[in-house]
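Structural overview
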2 protein chains.
Amino acid sequence: MVKKISKKTIERALLYIRTLEGLVKSNRYLVSSGELAKMTGFSDVQIRKDISKFGKVGTPRIGYKTIELRDILEGFVLQQDSVYAALFGVGNLGSAILKYPGFHKGRIKIIAAFDKDLKKIGKKINDVNIYSIDKAPKIIKRTKIEIGIIAVPKEFSQEVADIVVLSGLKGIVNFSPMSIVVPKNIVVRDIDFTIEFLSLFCDIQR
Amino acid sequence: MVKKISKKTIERALLYIRTLEGLVKSNRYLVSSGELAKMTGFSDVQIRKDISKFGKVGTPRIGYKTIELRDILEGFVLQQDSVYAALFGVGNLGSAILKYPGFHKGRIKIIAAFDKDLKKIGKKINDVNIYSIDKAPKIIKRTKIEIGIIAVPKEFSQEVADIVVLSGLKGIVNFSPMSIVVPKNIVVRDIDFTIEFLSLFCDIQR
DNA sequence: GTATGTGAAGTAATTCACAGCT
DNA sequence: AGCTGTGAATTACTTCACATAC
């Protein structure tokens with residue numbers, strides 16, 4: 001019943017969860033794979049295949065119960081209520097991340113921020129303290145933080161990545177437009193706006 | 001010689017270009033697929049396979065000329081010098097995008113911003129004018145803008161998507177944590193921070 | 001000897017086609 | 001009839017193994 005679940009399926013499952021949360025909020029009780037397909041852009045077969053990896057949960061002729069499906073997907077995909085993160089670099093983007101409303105109300109909690117600008121250190125944004133970056137390993141080790149967010153200029157991204165590693169974190173979201181080199185037991189997600197835009201542009205051209 | 005180039009190859013090519021630009025800047029003349037592999041995290045075979053889609057450009061025993069390879073990849077992947085975009089929603093994230101240094105100096109030019117907050121309309125951020133959002137179709141049609149960036153709260157993302165479509169744009173980068181429904185000739189790239197974080201977290205757990 | 005380039009083999013992901021349920 | 005669930009077929013992607021070039 002519980003088969004090996006691929007990364008792609010998990011990524012789509014997170015989107016199904018997001019969509020189901022919207023449906024639950026608007027009091028929808030049932031939804032079909034076809035409707036989810038229209039809402040998410042994936043094919044209906046793909047969605048059924050994905051969901052079937054988590055067990056038989058739908059009813060033929062009827063569809064899926066929104067609440068039940070959401071809970072099942074969440075149960076498999078997210079074992080914790082909250083994911084704790086630390087932000088490195090409180091510039092324009094870093095500040096926007098600290099204020100990001102999706103985090104504020106959701107599962108992802110940023111509980112410490114680091115910068116090297118003395119004007120910022122000691123301040124707070126959205127209730128998150130900003131500390132000196134060289135205190136990061138010490139401070140982080142006292143917390144449950146698991147993820148580091150790198151939002152510093154690209155000249156500094158590697159040295160900050162090294163600090164993240166020293167701090168014992170297991171995952172990095174790297175917003176800097178530069179690849180970082182880390183031990184391979186540490187998982188990295190790169191979000192490079194320029195590359196996202198250019199790859200979209202390539203898709204448009206063809 | 002020029003074979004069908006897959007989306008995945010193009011996405012990696014953009015990363016190779018980014019890496020090569022760094023090498024060129026630091027005056028590196030040659031680079032091997034193995035070195036690129038270490039720098040980007042892909043395998044060396046993968047990199048050679050990708051590059052071979054663009055022709056025979058390397059020299060056995062020597063490697064690739066950084067400048068030449070960059071130019072070849074750029075030539076195939078990006079036919080224009082600049083990509084023009086419009087931003088919708090000048091909140092925390094939107095402002096950070098307007099100030100994003102990678103855009104300022106690079107190929108992506110945001111040349112108009114739209115918001116419905118009267119306090120923002122008429123102002124400028126980083127030399128970009130902020131207009132009333134309902135003037136968007138008219139203003140955009142006078143420009144070469146091809147891409148719309150949605151950075152509004154999720155309650156409004158669909159109505160803004162509709163305006164983007166009305167404006168005749170062909171691509172959307174959607175930063176709002178909600179799927180938008182658009183005609184299928186319009187290409188959408190979703191960047192949902194929450195989903196990126198959660199999917200990283202799933203990877204860490206396994 | 002060392003690095004590129006590539007056909008062939010092997011994996012993974014998607015779509016098809018249809019059985020089964022209510 | 002209408003929707004889920006899934007083996008089978010297809011397609012796409014990656015890795016292997018080695019020929020080729022200097």
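Given the structure is predicted, the values throughout are model-derived calculations rather than measurements.

1. Remarks on the sheet that holds strand β5 (residues 124-125) of chain B
All names here are of chain B. Read from one edge to the other, the open sheet built from seven strands follows the order β5-β6-β4-β3-β7-β8-β9, with strand pairing classed as mixed. The sheet is open, and its two borders are formed by β5 and β9 (187-190), each paired with just one other strand. Two elements, strand β7 (residues 147-150) and strand β8 (residues 171-174), share four bridges in a ladder whose sense is parallel. Looking at β8, one finds that I147 is bridged to G171.

2. A word on the domain arrangement of chain A
The domains assigned to chain A are domain 1 (7-75) and domain 2 (83-195). If you average the C-alpha positions of domain 1 of chain A and of domain 2 of chain A, the two centres end up 32 Å apart.

3. Comments concerning unusual backbone geometry
Located in the positive-phi region is N27(A), a residue other than glycine, with phi close to 60°. Of note, N27(A) is situated in the loop between α1 (7-25) and β1 (30-31).

4. Quick look at the relation of the copies chain A and chain B
Taken as rigid bodies, chain A and chain B are interconverted by a rotation of 180° and an axial shift of 0.0 Å, the fit giving an RMSD of 0.1 Å. Here the symmetry operator amounts to a two-fold rotation axis.

5. Remarks on the sheet that holds strand β9 (residues 187-190) of chain A
Read from one edge of the open sheet, seven strands run β5-β6-β4-β3-β7-β8-β9 (chain A), paired in mixed fashion. Unpaired on one side and paired on the other, β5 (124-125) and β9 of chain A mark the two borders of the sheet. Contacting β3 (83-88), β4 (108-115), β7 (147-150), β8 (171-174) and β9 of chain A, helix α9 (residues 193-205) of chain B crosses the sheet at an angle of about 160° to β9(A).

6. As for the packing of helix α1 (residues 7-25) of chain B against helix α2 (residues 33-40) of chain B
All names here are of chain B. Across the interface, α1 lies against α2 with an axial gap of 11 Å and an inter-helix angle of 105°. As summarised for this structure, α1 and α2 are arranged roughly perpendicular, according to the angle between their axes. Residues Y16, T19, L20 and L23 of α1 form the contact with α2, whose participating residues are L36, M39 and T40.

7. Thoughts on the environment of D190(A)
Residue and element names in this part refer to chain A. Inspection of the secondary structure puts D190 in strand β9. D190 gets classed as partly exposed once you look at its relative accessible area, which sits at 39%. The spacing of D190 and L169 is 21 residues in sequence and 16 Å in space, taken between C-alpha atoms. Here N174 takes part through its side chain, which lies 2.9 Å from a polar atom of the side chain of D190.

8. Focus: the packing of α1(A) against helix α3 (residues 44-52) of chain A
All names here are of chain A. With their axes 10 Å apart at the nearest point, α1 and α3 run at an angle of 105° to one another. Relative to α3, α1 is oriented roughly perpendicular. Every residue of α3 that contacts α1 at T9, R12 and Y16 is listed here: Q46, I47 and D50. Across the contact of α1 with α3, the residue classes tally to two nonpolar, two polar and two charged.

9. Concerning the protein's contact with DNA strand D
Inspection of the region around DNA strand D gives 23 residues, with S33(A), R48(A), K49(A), Y64(A) and K49(B) positioned closest. A breakdown of the atoms of DNA strand D within 4 Å of the protein gives sugar and phosphate a share of 60%. Separating a phosphate oxygen of DNA strand D from a side-chain N or O atom of R12(B) is a distance of 3.0 Å. Within the side chain of K49(B), one N or O atom sits 2.9 Å away from a base oxygen of DNA strand D. Every element with two or more residues in the surface near DNA strand D is listed here: α3 of chain A together with α1 and α3 (44-52) of chain B. A per-element tally of the surface near DNA strand D places α3(A) first, with four residues. For the surface near DNA strand D, the per-class residue count stands at six nonpolar, nine polar and eight charged.

10. Some words on the protein's contact with DNA strand C
Close to DNA strand C lie 23 residues, the nearest being K49(A), S33(B), K49(B), G58(B) and Y64(B). A distance of 2.8 Å separates a base oxygen of DNA strand C from a polar side-chain atom of K49(B). Y64(B) has a polar side-chain atom sitting 2.8 Å from a phosphate oxygen of DNA strand C. Of all elements in the fold, only α1 and α3 of chain A together with α3 of chain B reach the threshold of two or more residues within the surface near DNA strand C. At four residues, α3(B) tops the list of elements feeding residues into the surface near DNA strand C. Class assignment of the residues belonging to the surface near DNA strand C gives a composition of six nonpolar, nine polar and eight charged.

11. As for the interface of chain A and chain B
In this assembly, 58 residues from chain A lie in contact with 58 residues from chain B. Together chain A and chain B conceal approximately 5,500 Å² of surface at their shared face, both sides included; 69% is due to carbon and sulfur atoms. Taken together, the links from chain A to chain B amount to six salt bridges. Close ionic contact of K7(B) with D203(A) constitutes a salt bridge, the shortest N to O distance being 3.9 Å. The interface formed by chain A and chain B contains 10 residue pairs in polar contact (both at pLDDT 80 or more). Per element, the largest residue contribution to the side of chain A that touches chain B is 13 residues, and it comes from helix α9 (residues 193-205) of chain A. Of the residues contributing to the side of chain A that touches chain B, the split by class is 33 nonpolar, 11 polar and 14 charged.

12. Examining the packing of aromatic side chains
As enumerated under the stated definition, the model contains 18 aromatic pairs over all chains in all. With a centroid separation of 4.8 Å and 65° between ring planes, the pair formed by Y100(A) and F103(A) is classed as edge-to-face. F103(A) matches Y100(A) in its accessibility class, with the two residues each being buried. Centre to centre, the rings of F175(A) and F193(A) are 6.3 Å apart; their planes meet at 80°, and the pair counts as edge-to-face. Placement of the pair is F175(A) in the loop between β8 and β9 and F193(A) in helix α9, with a sequence separation of 18 residues. Accessibility classification places F175(A) together with F193(A) in one group, the buried group. Each residue in the set Y100(A), F103(A), F175(A), F193(A), F197(A), Y100(B), F103(B), F175(B), F193(B) and F197(B) is aromatic and connected to the rest through ring pairs, giving one cluster. Against the face of F42(A) rests R12(A), its NZ or CZ located 5.9 Å from the ring centre. In this structure, K116(B) is placed above the aromatic ring of F156(B), and the distance from its NZ or CZ to the ring centre is 3.8 Å.

Parameters and conventions
- Residues numbered from 1 in each chain as written.
- Chains lettered and ligands numbered in written order.
- Predicted model: local features only at pLDDT ≥ 70, side-chain atom pairs only at ≥ 80, totals over all residues.
- Heavy atoms only, no water.
- Pairing = 2+ DSSP bridges.
- Helix = DSSP H or I, 4+ residues; strand = E, 2+ residues; numbered from the N terminus.
- Domains from an automatic or database assignment.
- Least-squares fit on C-alpha atoms with pLDDT ≥ 70 in both.
- Contact = heavy atoms within 4.5 Å.
- Axes fitted to C-alpha atoms, helices over the stretch in contact; angles between N-to-C directions.
- Parallel < 35°, antiparallel > 145°, perpendicular 65-115°, else oblique.
- Buried < 20%, exposed > 50% of the residue type's maximum accessible area, 1.4 Å probe, protein only.
- Polar contact = N/O pair within 3.5 Å; in protein donor to acceptor, adjacent residues only side chain to side chain.
- Nonpolar A, V, L, I, M, F, W, Y, C, P; charged D, E, K, R; others polar.
- Near = heavy atom within 4 Å.
- Buried area = accessible area lost by both parts, 1.4 Å probe.
- Salt bridge = Lys/Arg side-chain N within 4 Å of Asp/Glu carboxyl O.
- Phe/Tyr/Trp six-rings, centres within 6.5 Å; stacked < 30°, edge-to-face > 60°.
- Lys NZ or Arg CZ within 6 Å of the ring centre and 35° of its normal.

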